[in-house]
Amino acid sequence: MSIMEYNGGSCVAMAGKNCVAIASDLRLGVQSISLTNNFPKVFAMGDKTYLGLTGLATDVQTLYELFRYKVNLYKFREERQIQPKTFANLVSSTLYEKRFGPYFSFPVVAGVSNDNTPFICGFDSIGCIDFAEDFIVSGTATEQLYGMCESVYEPNLEPDDLFETISQALLNAQDRDCISGWGCVVYVITADKCIKRLVKGRQD
Amino acid sequence: MSRSYDSRTTIFSPEGRLYQVEYALEAINHAGVALGIVAKDGIVLAAEKKVTSKLLEQEESAEKLYHIGDNMLCAVAGLTADANILINYARRVGQQYLQTFNEEMPCEQLVRRVCDLKQGYTQYGGLRPFGVSFLYAGWDHIRGYQLFQSNPSGNYGSWQANSIGGNSTSVQSLMRQEYKDDINLDEASAMAVKFLSKTLDSNSLTHEKIEFATITKDTTKNKMVCKIWKSDEINEVLNKYQETQRQS
């Protein structure tokens, strides 16, 4: 049994036309025992920069607190919000600092830059960045998510269509994974606003 | 006589004074003035920007007002280089607190931590004290809106309105005359402009000469907003002030 599958949970990000979406399931469990259906794994790191964290729940929380610390200091010092690309490099270097005793998490970053270009990327647990043009998946339903994304994703989707695509991809992927699920939270980020939606899924 | 005492920070003179601390306070009296006023619905901080040369590149960002937390701002008078060290320290302390307790650090605790550091330099030998006074404006769940003033000795106090830097005594006497405790933020901002224009020697204020910042609550989002004003926003307040001056 891998430590990455101890608590369960999945996350997915997709790029659309001048917009991005990032979504995660809401389950937290200990192996097959579910503990709560209200454990989001997506966190705001700026107005238009979001971070998804899957893997060991204790590391998910620790990493969120660590990145909040670093991003706040950046914000006060620079008097501006961190850009997704800058944040991705911050995540990468922070993870590599623990090269020989890594955090058990595969983060996902999604955001819209100041020039309105969408940006998504994923990481392994020691900070290798996986830049992608289309979608990034992470978590215990990775294989199911790859299958869903490769069949339903199409490029240059408008925000509403992107929401539908990412929700369907995640809901149907997590239904085929015992330790992900219990609904999901979806963020759709555009140049001028970010919409957060809670999507009800199967409660079993 | 005093020669032998004033180079050591931690040694009292026979009259019971710490000369280095007094010299640090003197350094602040040469700095531009900064002031803070607490209102019912917010706090305003304002500072004088000293224009040293017209050849100097005008920075868009503020030189004397800094964010130190999501609910806290501060104004600086004294050596800016020393201030940067302390501001960095304050920001880290605030974020460490947020990391451990998952809530914003209460303002007074943060002020006290920075003052503890300053105090150390008046007692442990070898180094000079920090040549900076701060005005901290903040909000927390315990005491709401608060304004603190600190100086190089490590003393701090809580105020309704106060000022630091050169000319601060004349601002303080104006404050004593005009301050009322039921004003709103707009009135406090107007007051801040008035105090600055009366104490600065130039006859017309511009955004190049002053800096402005406010803390208030965004009632729609139910969130505190700390804002360092942009130059056009400062001009707007200044124009409003000049308008009322002309009418009276």
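The written sequence of each chain sets the order in which its residues are numbered from 1. Each chain is given a letter, starting from A, and each ligand a number, starting from 1, according to the order in which they appear as written. Reporting of local features is limited, given that this is a predicted model, to residues whose pLDDT is at least 70; pairs of side-chain atoms are given and counted only at 80 or more, and all residues count toward the totals for whole chains, interfaces and linings. Excluded from the side-chain calculations are hydrogens and water; all other atoms, namely the structure's heavy atoms, are used.

Chain B is annotated in UniProt as Probable proteasome subunit alpha type-3 of Schizosaccharomyces pombe. UniProt positions are given in the numbering used here, feature names are shortened, and annotations may be inferred rather than shown by experiment. A UniProt comment under Function is attached to chain B, and it reads "The proteasome is a multicatalytic proteinase complex which is characterized by its ability to cleave peptides with Arg, Phe, Tyr, Leu, and Glu adjacent to the leaving group at neutral or slightly basic pH. The proteasome has an ATP-dependent proteolytic activity (By similarity)."

Chain A carries the name Probable proteasome subunit beta type-3 in UniProt, which gives Schizosaccharomyces pombe as its organism. What the UniProt record of chain A gives under Function is the line "Non-catalytic component of the proteasome, a multicatalytic proteinase complex which is characterized by its ability to cleave peptides with Arg, Phe, Tyr, Leu, and Glu adjacent to the leaving group at neutral or slightly basic pH. The proteasome has an ATP-dependent proteolytic activity (By similarity)."

A. Molecular detail of the overall build of chain B. Put simply, DSSP H or I for four residues or longer makes a helix, DSSP E for two residues or longer makes a strand, and each gets a number counted from the N terminus. Counting its regular elements, chain B contains seven helices and ten strands. This radius of gyration counts C-alpha atoms alone. The globule rule is 2.2 Å times how many residues there are, raised to the power 0.38. The globule rule puts the C-alpha radius of gyration for 248 residues at 18 Å, and the 19 Å found for chain B is close to it. Counting only C-alpha atoms, chain B reaches 60 × 45 × 40 Å along its principal axes. Burial here depends on accessible area, computed with a 1.4 Å probe over protein chains only, as a share of the maximum for the residue type. Under 20% is buried, over 50% is exposed, and the range in between is partly exposed. Among the 248 residues that make up chain B, the fraction classed as buried is 48%. In chain B, 63% of the contacts between residues at least 6 apart in sequence involve partners at least 24 apart. To measure how exposed things are, a 1.4 Å probe is used in the Shrake-Rupley method; for residues, cover is taken only from the protein chains shown. Accessible area for chain B stands at about 12900 Å²; split by element, carbon and sulfur atoms hold 48% of it. Any two residues whose heavy atoms approach within 4.5 Å are treated as being in contact.

B. How the structure looks around helix α6 (residues 185-199) of chain B. The span one expects for a helix is its residue count, reduced by one, times 1.5 Å. A rise of 1.5 Å per residue sets the reference length of α6 of chain B, with its 15 residues, at 21 Å; its end C-alpha atoms lie 21 Å apart and thus fit the reference within 8%. For α6 of chain B, the secondary structure elements touched by its buried residues are β1 (34-39), β2 (42-48), α5 (168-178), β9 (210-218) and α7 (231-247) of chain B.

C. Representation of the sheet that holds strand β6 (residues 49-52) of chain A within the structure. Residue and element names in this part refer to chain A. Any two strands with at least two DSSP bridges between them are considered paired. Pairing is antiparallel in the open sheet, where five strands are placed in the order β5-β6-β7-β8-β9. At either end of the open sheet lies a strand with only one pairing partner, and these are β5 (42-44) and β9 (129-132). If you compare each strand with its neighbour and ignore which way they point, the axes differ by 20° on average. Note that β5 and β6 share three bridges and pair antiparallel. Within the sheet, the bridge partner assigned to Phe43 lies in β6 and is Leu51. Axis angles are defined between N-to-C directions and span 0 to 180 degrees, where every axis is a line fitted to C-alpha atoms and, for a helix, only to the segment in contact. Along the sheet, helix α2 (residues 84-96) makes contact with β6, β7 (108-112), β8 (118-123) and β9, crossing β8 at roughly 10°.

D. Main features of the environment of Asp115 of chain A. Residue and element names in this part refer to chain A. Tracing the backbone shows Asp115 in the loop between β7 and β8. Separated by 76 residues in sequence, Asp115 and Ala191 place their C-alpha atoms 8.5 Å apart. What qualifies as a polar contact is a pair of N or O atoms within 3.5 Å, subject to a donor-acceptor requirement within protein and to the restriction that residues adjacent in sequence count only when both atoms come from side chains. Within the local environment of Asp115, its side chain forms a polar contact with the side chain of Thr117, the two groups lying 2.8 Å apart.

E. Seen up close, the packing of aromatic side chains. Stacked, edge-to-face and tilted labels apply to pairs of Phe, Tyr and Trp rings (six-membered ring for Trp) whose centres lie within 6.5 Å, assigned for plane angles under 30 degrees, over 60, and everything in between, in that order. Under the definition given, this model contains eleven aromatic pairs over all chains. Aromatic pair Phe148 of chain B and Tyr156 of chain B: ring centres 6.1 Å apart, planes at 65°, arrangement edge-to-face. Cation over ring: Arg197 of chain A sits above Phe163 of chain A, and NZ or CZ is 4.1 Å from the ring centre. Think of it as a cone above the ring: NZ of Lys or CZ of Arg counts as a charge over the ring if it is within 6 Å of the ring centre and within 35 degrees of the ring normal.

F. Looking closely at the pattern of salt bridges. All names here are of chain B. A pairing counts as a salt bridge when a side-chain nitrogen of Lys or Arg comes within 4 Å of a carboxyl oxygen of Asp or Glu. Under the counting rule described, the total for this entry stands at ten salt bridges over all chains. Note that Glu108 and Arg143 form a salt bridge whose closest N and O atoms lie 3.4 Å from each other. Here Glu108 is found in helix α4 (residues 107-123), whereas its partner Arg143 is found in the loop between β5 (132-140) and β6 (144-150), with 35 residues between them in sequence.

G. Region of interest: the nonpolar core. Counting residues in hydrophobic clusters, the biggest one holds 40 residues, and the most contacted among them are Val12, Met14, Ile22, Ile120 and Val186 of chain A. Elements that contribute at least two residues to this core include exactly β1 (10-15), β2 (19-25), β7, β10 (135-139), α3 (142-152), α4 (159-174) and β11 (184-190) of chain A. Top element by residues in this core is α4 of chain A. It accounts for seven residues. Once you skip the residues sitting within four places of it in the chain, Met14 of chain A turns out to touch Val20, Ala21, Ile120, Asp134, Phe135, Cys149, Tyr153, Leu162, Thr165, Ile166 and Ala169 of chain A. Of all hydrophobic cores here, the second largest spans 27 residues; its members include Val44, Ala46, Ala161 and Ala192 of chain B. Definition used in this section: a nonpolar core is a set of buried Ala, Val, Leu, Ile, Met, Phe, Trp, Tyr and Cys residues joined via side-chain atoms within 4.5 Å.

H. Seen up close, the side chain of His67 of chain B. By secondary structure assignment, the location of His67 of chain B is in strand β3 (residues 65-69). By relative accessible area, His67 of chain B is classed as buried at 14%. If sequence neighbours within four positions are ignored, His67 of chain B has contacts with Phe76 and Glu79 of chain A together with Met72, Leu73, Arg91, Cys226 and Ile228 of chain B.

I. Quick look at the interface of chain A and chain B. Chain A puts ten residues into the contact, and the matching count from chain B is 16 residues. Put simply, buried area is how much 1.4 Å-probe accessible surface two parts lose in total, over both of them, once they are put together. In this assembly, chain A packs against chain B so that about 1200 Å² is buried in total across both faces, 49% of it on carbon and sulfur atoms. It is Tyr69, Phe76 and Glu79 of chain A in chain A that bury the most area against chain B; as a group they hold 53% of the surface buried on that side. Inspection of the chain A/chain B interface yields one salt bridge. In this structure, the salt-bridge partner of Asp70 of chain B is Lys75 of chain A, at a minimum N-O distance of 3.0 Å. Remark: the boundary between chain A and chain B carries seven residue pairs in polar contact (both at pLDDT 80 or more).

J. The environment of Asn156 of chain A, seen in detail. Residues and elements named next belong to chain A. Structurally, Asn156 can be placed in the loop between α3 and α4. Assessed through its relative accessible area of 57%, Asn156 is described here as exposed. Linking Asn156 and Glu133, residues 23 residues apart in sequence, is a C-alpha distance of 10 Å. The contact partners of Asn156, leaving out residues within four places of it in the chain, are Gly16 and Lys17.

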